[in-house]
Amino acid sequence: VHTKPRSVGGGVVVVPLLAWYEPGFDSDPDVKDDSLNPVEKTMTDFHLCKWPEGYSMSDASVATYFDKLNDQALAAQGTDPVVISFSHFLPRPELLPEKRYLFYPNLPK
């Protein structure tokens, strides 16, 4: 698994983007369902990941930190190569389905 930009030849660089949940993407009203556990208890990302002091999973601090790392990685590539980037997180809020269509509606939190 490569986690840093890597040239694949022909002037093409593959840049894996680091990402985390962005609370600002959660724009839909909450789904009221007492059978749903809070996101912090359901998603292992939230109870297994530990962050340094000053970073919190309940605000945008972790997502902002990763954004800055991505900016540095992309800037290091210069302007000449063709850059292909990817992430397993959705890069734009409009790509996230409405909560009512999700198996676990609290996922966007």
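Note that the structure is a prediction, hence the values are computed from the model and not measured.

Draft legend 1. The nonpolar core, seen in detail. One finds Trp-20, Tyr-21, Val-39, Met-43, Phe-46, Met-57, Val-62, Ala-63, Phe-66, Phe-89 and Tyr-104 forming the largest nonpolar core, which totals 11 residues. For this core, the element with the highest residue contribution is helix α3 (residues 61–75), accounting for three residues. Residues in contact with Trp-20, not counting those within four places in the same chain, are Asp-45, Cys-49, Trp-51, Met-57, Val-62, Ala-63, Phe-66 and Phe-89.

Draft legend 2. The packing of aromatic side chains, seen in detail. Within this structure, the stated rule accounts for seven aromatic pairs. Both rings, one in Tyr-21 and one in Phe-46, keep their centres 4.9 Å apart while their planes meet at 35 degrees; by these two values the pair is tilted. You can see Tyr-21 sitting in the loop between β2 (12–16) and α1 (39–42) and its partner Phe-46 sitting in helix α2 (residues 44–48), a full 25 residues away along the chain. Classification of Tyr-21 by relative accessible area gives buried; the value is 12%. Relative to Tyr-65, the ring of Tyr-55 lies with its centre 5.2 Å away and its plane at 65 degrees, an arrangement referred to as edge-to-face. Taken together, the residues span a long stretch of sequence, with Tyr-55 in the loop between α2 and α3 and Tyr-65 in helix α3 at a distance of 10 residues. Looking at Tyr-55, the relative accessible area reads 33%, which means it is partly exposed. Its relative accessible area of 36% is what places Tyr-65 among the partly exposed residues. In this structure an aromatic cluster arises from ring pairing among Trp-20, Tyr-21, Phe-46, Trp-51, Tyr-55, Tyr-65 and Phe-66.

Draft legend 3. Molecular detail of the sheet that holds β2. Taken in spatial order, the three strands of this open sheet run β1-β2-β3, and their pairing is mixed. Looking at which strands have only one partner, the edges of the open sheet turn out to be β1 (6–9) and β3 (82–86). The sheet shows a mean angle of 30 degrees between the axes of neighbouring strands, direction not considered. Bridge count for β1 against β2 is three bridges, and the pairing is antiparallel.

What counts as what
- Residues numbered from 1 in each chain as written.
- Predicted model: local features only at pLDDT ≥ 70, side-chain atom pairs only at ≥ 80, totals over all residues.
- Heavy atoms only, no water.
- Core = buried A, V, L, I, M, F, W, Y, C linked by side-chain atoms within 4.5 Å.
- Buried < 20%, exposed > 50% of the residue type's maximum accessible area, 1.4 Å probe, protein only.
- Helix = DSSP H or I, 4+ residues; strand = E, 2+ residues; numbered from the N terminus.
- Contact = heavy atoms within 4.5 Å.
- Phe/Tyr/Trp six-rings, centres within 6.5 Å; stacked < 30°, edge-to-face > 60°.
- Pairing = 2+ DSSP bridges.
- Axes fitted to C-alpha atoms, helices over the stretch in contact; angles between N-to-C directions.

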